[in-house]
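Here are the chains, one letter per residue:
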Amino acid sequence: MALFSSLTPVFIAIICVLIGTILKKTNGENKKHETKSKARPWVDEDLKDGTDHKLEEEEVDDEWQGLDENVAHVPFSAERYSEAEMIKRSQAFYELLNKRRSVRFLSDEPVPREVIDNVIRTAGTSPSGAHTEPWTFVVVQDLYLKHKIREIVEEEEEINYKKRMGDRWVNDLKRLRTNWIKEYLDTAPYLILIFKQVYGWHPNGKKKTHYYNEISVSIACGVLLAALQNAGLYTVTTTPLNCGPQLRTLLKRPANEKLLLLLPVGYPKKDATVPALTRKPLEDIMVVM
């Protein structure tokens, strides 16, 4: 009994230390979560990078990602241009893409479907982590679906402008005269919604990792924009914040796909206007070392 009495203060001290450590850890995690929420309050869970979607250890399959263990290499033959031809081609391609503008006033004039097929084929040539090709391009031409997409986007965008984005962001957009009204979602002959596949599936039903899925799909979007410009078509890059889950459900896409970008595609209206913007000169965007 005397021994227990002498040890009681020690037990109490140990218990107090343990409780203090637990409380400190809990408070630290809460503060970290609050800081993260305050930093980007407008970001929907659905728009986070695929790296947030960790695969459970038991779900990861150790087998190779759908390719043969030893992929055969074949001879590669590349066309080689003279220096003069290289300069000429690079200058011509720059001049073509320098005409690219974000156009919000799009005509409902029909666009050949074959052109859309070809530009998406072109986007599909993009590089991807471990050649997982983690992209899905959903082409919408149905009038009802286009209008439903517009309703979803405009409803969320009005909330974004009024509540989520903040005064600084809204003020920065005023000079471009943009708002939550998206008429082009109805008028453009095609809407292309680009989804990133944050993970894939093995033939045995287990999940497989899609490495660098956001970067891979972003590169594909850039190639797609260049292909559209080359074909004489125009678009405006839109990232419909907080619309991802609704649009994914509307378009019946699986849970492993997250909306990254929405492109209305078509010809500009005859009276279309664009902001009088200039681009940074080469010396401001390139560093040679």
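Residues numbered from 1 in each chain as written. Predicted model: local features only at pLDDT ≥ 70, side-chain atom pairs only at ≥ 80, totals over all residues. Heavy atoms only, no water.

As recorded by an unreviewed UniProt entry, the protein chain carries the name iodotyrosine deiodinase and is attributed to Psilopogon haemacephalus. Per its UniProt entry, the protein chain bears the Sequence similarities (unreviewed entry) comment "Belongs to the nitroreductase family." Database annotation for the protein chain, UniProt heading Cofactor (unreviewed entry): "FMN". (UniProt positions renumbered as here; feature names shortened; annotations may be inferred.)

**Student:** How do you make sense of the environment of threonine 209 when you look at a structure like this?
**Tutor:** Note that threonine 209 resides in strand S4 (residues 207–209). By relative accessible area, which is 25% here, threonine 209 ends up partly exposed. Distance from threonine 209 to tyrosine 199, taken between C-alpha atoms, is 5.2 Å for residues 10 residues apart in sequence. (Helix = DSSP H or I, 4+ residues; strand = E, 2+ residues; numbered from the N terminus. Buried < 20%, exposed > 50% of the residue type's maximum accessible area, 1.4 Å probe, protein only.)

**Student:** Got a minute to help me understand the nonpolar core in this structure?
**Tutor:** Considering soluble globular proteins, one finds that nonpolar side chains tend to be buried as a cluster. With 22 residues, the main nonpolar core has Ile116, Phe137, Ile192, Ile194, Leu224, Leu263 and Val265 as its most contacted residues. Looking at this core, the elements that each hand over two or more residues are helix H3 (113–123), strand S1 (135–140), strand S2 (190–197), helix H7 (213–230) and strand S5 (257–265). At seven residues, the largest contribution of residues to this core is made by H7. Discounting residues that sit within four places of it in the chain, leucine 263 has contacts with Tyr190, Leu191, Ile192, Ile194, Leu224, Leu225, Leu228, Thr235, Val236 and Thr237. Residues Leu106, Ile152, Phe195 and Cys243 belong to the second largest nonpolar core, which totals 19 residues. (Core = buried A, V, L, I, M, F, W, Y, C linked by side-chain atoms within 4.5 Å. Contact = heavy atoms within 4.5 Å.)

**Student:** I keep staring at the side chain of serine 216 and nothing clicks. Help me out?
**Tutor:** Take serine 216: it is sitting in helix H7. At a separation of 3.1 Å, a polar atom in the side chain of serine 216 contacts the main-chain amide nitrogen of glycine 129. At a separation of 2.8 Å, a polar atom in the side chain of serine 216 contacts the main-chain carbonyl oxygen of tyrosine 212. Not counting chain neighbours up to four residues away, the residues in contact with serine 216 comprise Pro127, Ser128, Gly129, Pro134, Trp135 and Tyr211. (Polar contact = N/O pair within 3.5 Å; in protein donor to acceptor, adjacent residues only side chain to side chain.)

**Student:** Is there a simple way to explain the pattern of salt bridges in this structure?
**Tutor:** For the structure shown, the criterion picks out seven salt bridges. Of the charged contacts, one joins lysine 148 and glutamate 151 as a salt bridge, the two residues approaching to 3.5 Å between their closest N and O atoms. Here lysine 148 pairs with glutamate 151, and both are found in helix H4 (residues 143–164), just three residues apart, close to one helical turn. You can call lysine 148 partly exposed: its relative accessible area is 27%. (Salt bridge = Lys/Arg side-chain N within 4 Å of Asp/Glu carboxyl O.)

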